[in-house]
Amino acid sequence: MSVTIPESMIPLFEQIGHRRIYMPLEAIFLQQDKADSIYIIKSGRVRVYAVYENGKEINFDVLRRGRLFGDASFLAHSQRTVNISAVTQAEIITCRTADVLDAAHMHRDVMEILFAHMTDTNNALQHMIERLTNYDSTQKTADFLLEHTSPEDPQLPYTHNDIALCLGMHRVTVSRIMKQFADDHLLEYTYGRITVRDRRGLQKIIHDAG
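Note that the structure is predicted; figures quoted are calculated from it, not measured.

This part takes up the overall build of the chain. Helix and strand counts for the chain stand at seven helices and eleven strands. Taking 210 residues into account, the globule formula puts the C-alpha radius of gyration at 17 Å, and the chain, at 18 Å, falls close to it. Dimensions along the principal axes, computed over C-alpha positions, put the chain at roughly 50 × 40 × 30 Å. Here the chain, with 210 residues, has 44% of them falling under the buried criterion. Here the analysis covers contacts within the chain between residues at least 6 apart in sequence; of these, 70% occur between residues at least 24 apart. Element-wise, carbon and sulfur atoms account for 51% of the exposed surface of the chain, whose accessible area totals about 11,500 Å². When the 23 positive and 27 negative side-chain charges of the chain are each reduced to one mean point, those points stand 3 Å apart.

See the structure below:
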């Protein structure tokens, strides 16, 4: 599971920032924008992706409630390296970087969550590279489900299209794989919600396939 901002800390970020509602597909920020703010998702989901000069678009993740993004702004004079847009209607808390750093100096728990987030981001990027280079489509899907759930929280509020966007796969391919997983009793799904039932079975797919 990825690091999320605890509910108890949300009011602090609301005090130092401001809230805004973004509609589906609306851009929150774009590549090359000035990086001077930190964002927390209070509700909804957002997509992280990049578009390159050759027109190729790569999707990195779909973030949900409690996730922090925009941490490139911790570097002075930095620019955004990815695009962030709303997948669903999303309520976002926007905080100036300087105000977040001031809060971190005053509140140890803010400092701890920021360090945990940056460590988690580094680990996630390393794992993403391993998944892209070493896994086939079925293994990628199984690995993604395991990465974004846990034994304590087996549910994932994603559609098949959300997973396809994250993995750079066709939705039809993801739906075919998910149906096979469901037929094998590894998971259950309804639109917008997936429940992992057999983590060991998914792990076996990753280790045994190919």
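On we go.
So, about the nonpolar core. By size, the foremost hydrophobic cluster in this structure holds 23 residues, and its most contacted members are L145, Y158, I163, M178, F181, I194 and L202. Sequence-distant contacts of L202, defined by excluding residues within four places in its chain, comprise A142, L145, L146, F181, L186 and V196. Residues I10, F13, I40 and V100 belong to the second largest nonpolar core, which totals 16 residues.

A word on the packing of helix α4 (residues 137-147) against helix α5 (residues 160-167). The interhelical angle for the contact between α4 and α5, taken along N-to-C directions, is 105 degrees, at an axis separation of 11 Å. Regarding the angle of α4 to α5, the classification is roughly perpendicular. Contacts between α4 and α5 involve K140, T141, F144 and L145 from the former and I163, C166 and L167 from the latter. Residue composition of the contact of α4 with α5, grouped by class: five nonpolar, one polar and one charged.

What follows deals with the sheet that holds strand β11 (residues 193-196). Within a sheet, adjacent strands bond to each other through the backbone by hydrogen bonds, running parallel or antiparallel. The antiparallel open sheet is built from three strands, whose spatial order is β9-β11-β10. Single-partner strands in this sheet number two, and they are β9 (155-156) and β10 (187-190).

What follows deals with the pattern of salt bridges. Two side chains of opposite charge can pair, provided their charged atoms sit close to one another. Going through the model one piece at a time under the given rule, you end up with ten salt bridges. The shortest N-O distance in the salt bridge between E14 and R19 comes to 3.7 Å. For E91, the salt bridge is made with R19, and the minimal N-O distance between the two is 3.3 Å. One end of the pair, E91, is in strand β8 (residues 90-96); the other, R19, is in strand β1 (residues 17-22), and 72 residues separate them in sequence. With a relative accessible area of 17%, E91 lands in the buried category. Here the salt bridges share partners, and the residues they tie into one network are E14, R19, K42 and E91.

The next subject is α4. The buried fraction of α4 amounts to eight of the eleven residues, a majority that puts the element mostly inside the structure. Taken together, the buried positions of α4 are occupied by Q139, K140, T141, A142, D143, F144, L145 and L146.

We now examine the packing of aromatic side chains. By convention here, two paired aromatic rings are described through the distance between centres and the angle between planes. Counted according to the given criterion, the structure contains four aromatic pairs. Seen from their ring centres, F29 and Y39 are 5.5 Å apart, and the 45 degrees between their planes marks the pair as tilted. Of this pair, F29 sits in strand β2 (residues 27-29) while Y39 sits in strand β3 (residues 37-43); the two residues are ten residues apart in sequence, bridging distant segments of the chain. Each member of the pair, F29 as well as Y39, is classed as buried. For the ring pair F144 and Y158, a centre distance of 5.9 Å and an interplane angle of 40 degrees mean the geometry is tilted. Of the two residues, F144 is situated in helix α4 and Y158 in the loop between β9 and α5; the sequence distance between them amounts to 14 residues. In this structure Y158 comes out as buried when scored by relative accessible area, which is 1%. Through successive ring pairs, a cluster of aromatic residues spans F29, Y39 and F69.

About the thresholds
Residues numbered from 1 in each chain as written. Predicted model: local features only at pLDDT ≥ 70, side-chain atom pairs only at ≥ 80, totals over all residues. Heavy atoms only, no water. Helix = DSSP H or I, 4+ residues; strand = E, 2+ residues; numbered from the N terminus. Rg over C-alpha atoms; globule rule 2.2 N^0.38 Å. Buried < 20%, exposed > 50% of the residue type's maximum accessible area, 1.4 Å probe, protein only. Contact = heavy atoms within 4.5 Å. Areas by Shrake-Rupley, 256 points an atom, 1.4 Å probe, with all protein chains shown as cover. Lys, Arg positive; Asp, Glu negative; His and termini not counted. Charge placed at Lys NZ, Arg CZ, Asp CG, Glu CD. Core = buried A, V, L, I, M, F, W, Y, C linked by side-chain atoms within 4.5 Å. Axes fitted to C-alpha atoms, helices over the stretch in contact; angles between N-to-C directions. Parallel < 35°, antiparallel > 145°, perpendicular 65-115°, else oblique. Nonpolar A, V, L, I, M, F, W, Y, C, P; charged D, E, K, R; others polar. Pairing = 2+ DSSP bridges. Salt bridge = Lys/Arg side-chain N within 4 Å of Asp/Glu carboxyl O. Phe/Tyr/Trp six-rings, centres within 6.5 Å; stacked < 30°, edge-to-face > 60°.

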